[in-house]
Amino acid sequence: NAGVTQTPKFRVLKTGQSMTLLCAQDMNHEYMYWYRQDPGMGLRLIHYSVGEGTTAKGEVPDGYNVSRLKKQNFLLGLESAAPSQTSVYFCASSYGPGREQYFGPGTRLTVT
Amino acid sequence: KQEVTQIPAALSVPEGENLVLNCSFTDSAIYNLQWFRQDPGKGLTSLLLIQSSQREQTSGRLNASLDKSSGRSTLYIAASQPGDSATYLCAVPDTGRRALTFGSGTRLQVQP
């Protein structure tokens, strides 16, 4: 039981490049989340999903897109990376609303 | 909008001390409260989840208490060890019980 996994662990992008972060969970959780963590700002929700095929915006969605084509996977896309998107990105999952959330190890992204 | 505050921001104690970390929230209508541990460069590990109907939750040397009416939770760590050194975060679900609102964390260092 791997829990929540994220790929890649590290990535460096140039401004304007695109990339996709993959999150996978093997706990059959309905809910999945993408957060970003920045010094002095704490963790903030980017997008979330309440089930396969559904997504919704969080607190800081601009510049990101997501997809949940399979229940176990939640993808976060950056279409045109900007230096302001330099951050550590965490994926999380839970059985349902208000239930305990389990986090992945994070992806450290640097945009130059 | 729910706001979560953690005091102190940093704490350094000698090994063996009992210590208390504080978490306060502005909206007392919470569903539950979750305490996490984050090691440098790592993801978040869930320590305890305390339901709104509970007053306390214990796991090993950790004890979390919750006082909804005063908007406070405390995490008590007994007989601290150098391995307890990490950042401790508390979080509560938002109004829709979807995402978590996090405090900024308490960075704990336990000196051998």
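Criteria and cut-off values
By convention here, each chain's residues receive numbers from 1 onward along its written sequence. Chain letters and ligand numbers both follow the written order, the letters beginning at A and the numbers at 1. This being a predicted model, a pLDDT of at least 70 is required before a residue's local features are given, and a value of 80 or more before pairs of side-chain atoms are given or counted; all residues contribute to the totals for chains, interfaces and linings. By convention in this description, side-chain values take in all heavy atoms of the structure and omit both hydrogens and water. Note on contacts: a residue pair is in contact if any heavy atoms of the two residues lie within 4.5 Å. Buried area: the accessible surface (1.4 Å probe) lost by two parts on joining, summed over both. The working definition used for a salt bridge is a side-chain nitrogen of Lys or Arg within 4 Å of a carboxyl oxygen of Asp or Glu. Nitrogen and oxygen atoms within 3.5 Å of one another constitute a polar contact, given that in protein one can donate a hydrogen and the other can accept it, and given that sequence-neighbouring residues count only through two side-chain atoms. Helix and strand labels come from DSSP, where a helix needs a run of H or I of at least four residues and a strand needs a run of E of at least two; each type is numbered from the N terminus. Residues are sorted three ways: Asp, Glu, Lys and Arg are charged, Ala, Val, Leu, Ile, Met, Phe, Trp, Tyr, Cys and Pro are nonpolar, and all the rest, Gly among them, are polar. Only buried residues count toward a nonpolar core, which is a set of Ala, Val, Leu, Ile, Met, Phe, Trp, Tyr and Cys residues joined through side-chain atoms within 4.5 Å. Think of it in three bands: residues with accessible area under 20% of the maximum for their type are buried, residues over 50% are exposed, and the middle band is partly exposed, with areas taken using a 1.4 Å probe on protein chains only. pLDDT is a per-residue confidence score from the predictor, ranging from 0 to 100.

For this particular structure, what's the right way to read the interface of chain B and chain A?
The extent of an interface is frequently quoted as the accessible surface area lost upon association of the parts. Counting from both sides, the interface comprises 20 residues of chain B and, opposite them, 17 residues of chain A. Of the roughly 1400 Å² buried where chain B meets chain A, counting both sides, 57% is carbon and sulfur surface. On inspection of chain B and its partner chain A, the count reaches one salt bridge. Of the charged contacts in the structure, one is a salt bridge between E59 of chain A and K1 of chain B, with a shortest N-O distance of 3.6 Å. Counting the contacts that link chain B with chain A gives five residue pairs in polar contact (both at pLDDT 80 or more). Contributing elements (two or more residues each) for the side of chain B that touches chain A: β4 (32-38), β5 (44-51), β9 (86-93) and β10 (100-102) of chain B. No other element matches β4 of chain B, which puts four residues into the side of chain B that touches chain A. Residues that form the side of chain B that touches chain A fall into these classes: nine nonpolar, seven polar and four charged.

Sorry, what's going on with the nonpolar core here?
The nonpolar side chains of a soluble globular protein tend to be buried with one another. Within the largest apolar cluster, 22 residues are counted, with the highest numbers of intra-cluster contacts made by L21, L33, W35, L75, I77, Y88 and L108 of chain B. Those residues in contact with Y88 of chain B that sit more than four places away from it in its chain are Q6, L21, F36, R37, L47, L75, I77, G105, T106 and L108 of chain B. In this structure, M27, W34, Y64 and L78 of chain A belong to the second largest nonpolar core, which totals 20 residues.

I'm lost on the confidence of the model for chain A in this one. Help?
Caution applies to low-pLDDT regions: their predicted coordinates should not be interpreted in detail. Of the residues in chain A, 99% have a pLDDT of 70 or more, and the chain-wide mean is 95. For chain A, strand β5 (residues 42-51) of chain A is the element with the lowest average pLDDT, namely 93, and strand β8 (residues 73-78) of chain A is the one with the highest, namely 98.

Sorry if this is basic, but what is going on with the pattern of salt bridges here?
Any two side chains of opposite charge can pair, so long as their charged atoms come close to each other. Considering all chains together, one arrives at six salt bridges over all chains under this definition. Connected through shared salt-bridge partners, R36, D38 and R44 of chain A make up one network.

I tried to follow unusual backbone geometry on my own but got confused; where do I start?
T7 of chain A connects to P8 of chain A through a cis peptide bond whose omega is -5 degrees. Mapped onto the elements, P8 of chain A comes out in the loop between β1 (4-7) and β2 (10-13). Each neighbour pair has its own omega, and for I7 of chain B with P8 of chain B the value is 0 degrees, a cis peptide bond. With respect to the helices, strands and loops of the structure, P8 of chain B is situated in the loop between β1 (4-7) and β2 (10-14). Within the chain, N28 of chain A stands out as a residue other than glycine whose phi angle is a positive 60 degrees. With respect to the secondary-structure elements, N28 of chain A resides in the loop between β3 (19-25) and β4 (31-38). In this structure, A79 of chain B is a non-glycine residue whose phi angle is positive, near 45 degrees. Within the fold, A79 of chain B resides in the loop between β8 (72-77) and β9. Relative accessible area serves as the criterion here: at 37%, A79 of chain B is assigned to the partly exposed category.

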